[in-house]
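A look at the structure
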Amino acid sequence: MLPVLFGISVAVFTIVHLIPGDPADVLLGQNATPARVKAINHQLGIDRPILIQYINFIKDLFHGSLGTSFDNKEPVAKLILGRLPETGMLLTGGIILSILIALPLSILAASKRGALRDQLVRAIPIIGLGMPQVWIGVMLILLLGLKFPLFPVSGFGDTFPQHLRSIFLPSLTIAILLSPILIRSLRASMLEILDSDYVLTARAKGISQTRITFVHVLRNAIIASVTVLGINVAYLVGSMVIVERVFVIPGTGSLMIDAIAKRDYPIVQGVTLYFALVVVVVNLITDLIHAALDPRVALK
Amino acid sequence: MKSLKTLYIGAGILGTLIVAAIFAPLVTSYDPTEQDLMQTLSGPTGAHWLGTDALGRDVFSRLIYGARVDLTIGVLAVLLPFIIGVSLGLMTGWFGGKFDSSVMRVVDTVIAFPFYVLAIALVFIFGPGVKSIIVAITLVGWVAYCRIVRANVLVAKELDYVHAARLTGLPTRRILRRHLLPNVISQAIVFSMSDIVLSILAIVSLGYLGLGVPIPTAEWGSMIQEGQPYILQQWWLATIPGFMVVIVGFALSLIGDGLVARLER
């Protein structure tokens, strides 16, 4: 994990240094005079050697500082923390809904291999994986937001119940995006589990099919979904940025896209770093959950 | 036999789209960017099969010309990561050692970056446009090919035909290119089918956010975004471009499945 964290810090540090031209020119725009450019460069520390800049960047990180926004002079870390509830709820909602969609469908498909219901479920990934995130969002807005106005189509609301209602459609978008991936691997692992010796033993002991499915098979299928979710968390987090935009949810993704329009690069840098850290941490958590659920997995 | 059929069906669907895109000026007589402000948001008519958009542009012709843009960039964006990933996968798997472990650390780092976040950050650096999209997809995309090929090489390099090639004293380059590559590349080719879908999805999403192919070029993502305000009256404006992506994804998925079956025979 340490080399990965090092790699991430180098990559994020490089992003700012790849920007063509002087950041000061970007900052000052029309008002750039050589003296002011020099002053800004000194203020940003860009006139120092690159290695020193990198060390300072890391020092700041350990102090929990991601720099300050150019636009409103607020600390970037504070801005990100302020948007956490929105992003966190959306991520949780999306994961819960995708499991609620994928798990029953996979059980249904695996319960009778090759039957019509199996073939129908198998068609879901073929269609589903080709659906653009933004398009799923727009279609849900059309159907459940406007034609049948059951849910708000944008914003986040003010109270907790309003939040829940507001994040339903965006969460469903994420779930529709994620469940084809889940279904594909869950169905395969369920079929494998149903073929295994311990299920045969359970049958021989005269345990009912329902009990086998829900006690023996389901437990292992959940382990499989945790792993699949862990592998796809980067894709999930990235898609969330776009879904937030479609539904005008003021989360961390919107923060980043707004910052791009204003060329506020400390925010772009901060959010990029933050999302990469989220992926690393979520991967660690899925490893831990996997180990907790499955005694055969030993953590190294 | 049944799975070969899926290959043909998929290739047929995609082929039709590609032919329509190439011969777009013959398929439709309208310029996709020509505005007719006297005739905006018209419903489907004999003259405009899918109606016109808010600026009076012919939707059907934008859809066909959009296929040109999305399919071309989609395929181009996968080409470079394919070449880089396959070569690195071959070399890391074959040589191992420090070279292998340092490339694998880079792979781990890239995997930690959510693709869309990195793509948006790169658009920020290079400005919106085709170049940024291709750079972003390349930076992230090579990783998958590298891992797939590396895993296959690790298995294949212990097989007899490779040992035999080494014993005859063939140079390493020749063993890698002529003996190993043809045997380890098939999985990467199958994966590239679904990878093209992913890259088209990225182009569409960035286009929707206004960070992709600059307007007024006809592109499916920006068409979805432009159609969204009129979604209650003219639902098809935002819906049909998305359908096109689904159809492309469906065709490539069938081709991928068919290829798997073909390669396994």
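From a predicted model like this one, the values you see are computed outputs, not experimental measurements. Along each chain, numbering runs from 1 in the same order as the chain's sequence is written. Ligands are numbered from 1 and chains lettered from A, in the order in which they are written. Side-chain atom pairs in this predicted model are given and counted only at pLDDT of 80 or more, local residue features only at pLDDT of at least 70, and totals for whole chains, interfaces and linings cover all residues. By convention in this description, side-chain values take in all heavy atoms of the structure and omit both hydrogens and water.

Here we look at the overall build of chain A
When its secondary structure is counted, chain A shows 14 helices and zero strands. Runs of E in the DSSP output that reach at least two residues are strands. Runs of H or I that reach at least four are helices, and both are numbered from the N terminus. Its helices and strands taken in sequence order, chain A reads α-α-α-α-α-α-α-α-α-α-α-α-α-α from the N to the C terminus. For chain A, buried positions account for 48% of its 300 residues. Roughly 15000 Å² of accessible area belongs to chain A as shown, and the carbon and sulfur atoms make up 67% of that amount. Residue burial is assigned from relative accessible area. The probe radius is 1.4 Å, only protein chains are included, and a residue is buried under 20% of its type maximum, exposed over 50%, and partly exposed in between. Each accessible area is a Shrake-Rupley result for a 1.4 Å probe, and residues are judged covered by the shown protein chains and nothing else.

Remarks on the overall build of chain B
Secondary structure assignment for chain B yields 11 helices and zero strands. Start at the N end of chain B and walk to the C end: the helices and strands fall as α-α-α-α-α-α-α-α-α-α-α. Summarising its shape, the C-alpha atoms of chain B cover approximately 75 × 45 × 25 Å along the three principal directions. Taken over 265 residues, chain B has a buried fraction of 54%. When contacts within chain B are restricted to residue pairs at least 6 apart in sequence, long-range pairs at least 24 apart make up 71% of them. Roughly 11900 Å² of accessible area belongs to chain B as shown, and the carbon and sulfur atoms make up 67% of that amount. Here chain B contributes 18 positively and 15 negatively charged side chains, and the mean placements of these two sets differ by 15 Å. Throughout, a contact is declared for two residues whenever any of their heavy atoms are within 4.5 Å. Two residue types count as positive, namely Lys and Arg, and two as negative, namely Asp and Glu; His and chain ends fall outside the count. A charge is said to be at NZ when it belongs to Lys, at CZ for Arg, at CG for Asp and at CD for Glu.

A look at the UniProt feature "transmembrane region" (unreviewed entry) in chain A
Residue and element names in this part refer to chain A. UniProt positions are given in the numbering used here, feature names are shortened, and annotations may be inferred rather than shown by experiment. Here the UniProt feature "transmembrane region" (unreviewed entry) sits at residues 89–111, 123–146, 166–183, 217–236 and 273–293. Taken end to end, residues 123–146 is 83% helix and 0% strand, and its two terminal C-alpha atoms sit 28 Å from one another. Taken as a whole, residues 217–236 contains 95% helix and 0% strand, while its terminal C-alpha atoms sit 26 Å from one another.

Section: the side chain of T173 of chain A
Relative to the helices and strands, T173 of chain A is located in helix α9 (residues 168–194). Every residue in contact with T173 of chain A, bar those within four places of it in the chain, is listed here: Q133, I136, G137, L140, V243 and F247 of chain A.

Overview of the UniProt feature "domain: ABC transmembrane type-1" (unreviewed entry) in chain B
Taking the numbering used here, the UniProt-annotated feature "domain: ABC transmembrane type-1" (unreviewed entry) corresponds to residues 67–256 of chain B. When the span residues 67–256 of chain B is considered, its composition is 83% helix and 0% strand, and the gap between its end C-alpha atoms is 20 Å.

Points about the interface of chain A and chain B
In this complex, chain A contributes 47 residues to the contact, which on the side of chain B involves 37 residues. Defined here as a combined quantity, buried area equals the accessible surface (1.4 Å probe) lost by two parts on assembly, summed across both. Here chain A meets chain B over a buried area of about 3700 Å², counting both sides, of which 82% is carbon and sulfur. Throughout this description, the term salt bridge denotes a Lys or Arg side-chain nitrogen within 4 Å of a carboxyl oxygen of Asp or Glu. Inspection of the chain A/chain B interface yields zero salt bridges. Think of a polar contact as two N or O atoms within 3.5 Å of one another; within protein, one of them needs to be a possible hydrogen donor and the other a possible acceptor, and neighboring residues in sequence only count if both atoms come from side chains. For the interface between chain A and chain B, the tally reads four residue pairs in polar contact (both at pLDDT 80 or more). Residue assignment for the side of chain A that touches chain B shows that the elements contributing at least two residues are α1 (2–18), α6 (116–128), α7 (133–147), α12 (233–246), α13 (252–261) and α14 (265–293) of chain A. Among the residues making up the side of chain A that touches chain B, the classes are represented as 37 nonpolar, six polar and four charged. Polar here means any residue outside two lists: the nonpolar Ala, Val, Leu, Ile, Met, Phe, Trp, Tyr, Cys and Pro, and the charged Asp, Glu, Lys and Arg; Gly therefore counts as polar.

Digging into the environment of L172 of chain A
Residue and element names in this part refer to chain A. As for its placement among the helices and strands, L172 is situated in helix α9. Through-space distance from the C-alpha of L172 to that of I101 is 9.7 Å; in sequence the pair is 71 residues apart. In this structure, L172 is in contact with L97, I101, L140 and L144, ignoring residues within four places of it in sequence.

Here we look at the packing of α12 of chain A against α14 of chain A
Residues and elements named next belong to chain A. Here α12 crosses α14 at 140 degrees, and the two axes come no closer than 9 Å. Our pair here, α12 against α14, has a crossing hand that is right-handed. Contacts between α12 and α14 pair V233, A234, V237, M240 and V241 from the former with F275, V278, V279, V282 and N283 from the latter. Looking at the contact of α12 with α14 residue by residue, the classes come out as nine nonpolar, one polar and no charged. Axes, fitted as lines to C-alpha atoms, cover a helix only where it is in contact. Angles between the N-to-C directions of the axes lie from 0 to 180 degrees. Working rule for handedness: look at the near helix, and if it is turned counterclockwise from the far one by less than a right angle, call the crossing left-handed; if clockwise, right-handed.

Section: the UniProt feature "transmembrane region" (unreviewed entry) in chain B
Listed under "transmembrane region" (unreviewed entry) in the UniProt record, and renumbered for this structure, are residues 7–28, 71–94, 106–126, 132–149, 196–215 and 235–255 of chain B. Span residues 71–94 of chain B is 100% helix and 0% strand, its end C-alpha atoms 34 Å apart.

Focus: the packing of aromatic side chains
The description of an aromatic ring pair uses the distance of the two centres, along with the angle that the planes make with each other. Residue and element names in this part refer to chain A. Think of it this way: a Phe, Tyr or Trp ring, Trp meaning its six-membered ring, pairs with another when their centres are within 6.5 Å, and the plane angle makes it stacked under 30 degrees, edge-to-face over 60, tilted otherwise. In the structure shown here, the tally under the stated rule is eight aromatic pairs over all chains. Considering the side-chain rings of Y274 and F275, the 5.3 Å spacing of their centres and the 50 degrees angle between planes classify their relative orientation as tilted. An aromatic cluster of three or more residues is present, and its members are F6, F13 and Y54.

Some details on a nonpolar patch on the surface
Residues and elements named next belong to chain B. Taken together, the side chains of I18, V19, I22, F23, L26 and V27 define a hydrophobic patch exposed on the protein surface, amounting to about 560 Å² of accessible area. Top contributing element to the nonpolar patch by residue count: helix α1 (residues 2–22), with three residues. Looking at where V19 falls in the secondary structure, it is placed in helix α1. Accessibility expressed as a relative area gives 46% for V19, which makes it partly exposed. Nonpolar side chains (Val, Leu, Ile, Met, Phe, Trp, Tyr) are joined into patches within 5 Å and like charges within 9 Å, using only residues with over 30% relative accessible area and no salt bridge.

Topic: the pattern of salt bridges
All names here are of chain A. Applying the stated criterion across every chain yields a total of six salt bridges over all chains. Across the pair D118 and R187 runs a salt bridge whose closest N-O atoms are separated by 2.7 Å. One end of the pair, D118, is in helix α6; the other, R187, is in helix α9, with 69 residues separating them in the sequence. Neither D118 nor R187 differs from the other in exposure class; each is buried. Note that R245 is salt-bridged to D258, the shortest N-O span being 3.0 Å. Of the two residues, R245 is situated in helix α12 and D258 in helix α13; the sequence distance between them amounts to 13 residues. Of the residues examined, D258 reaches a relative accessible area of 31% and is grouped as partly exposed.

A look at α12 of chain A
Residue and element names in this part refer to chain A. The end-to-end C-alpha separation of α12 is 20 Å, in line with the 20 Å expected for 14 residues at 1.5 Å each. Across the 14 residues that make up α12, a large majority, 12, are buried. Downstream of α12 by one or two residues, V248 has phi in the positive range, about 45 degrees. The span one expects for a helix is its residue count, reduced by one, times 1.5 Å.

Brief notes about the domain arrangement of chain A
How big an interface is tends to be stated in terms of accessible area lost as the parts join. Note that domain bounds follow an automatic or database assignment of domains. What the domain assignment lists for chain A is domain 1 (2–62) and domain 2 (78–298). Centre-to-centre separation of domain 1 of chain A and domain 2 of chain A, based on C-alpha positions: 36 Å.

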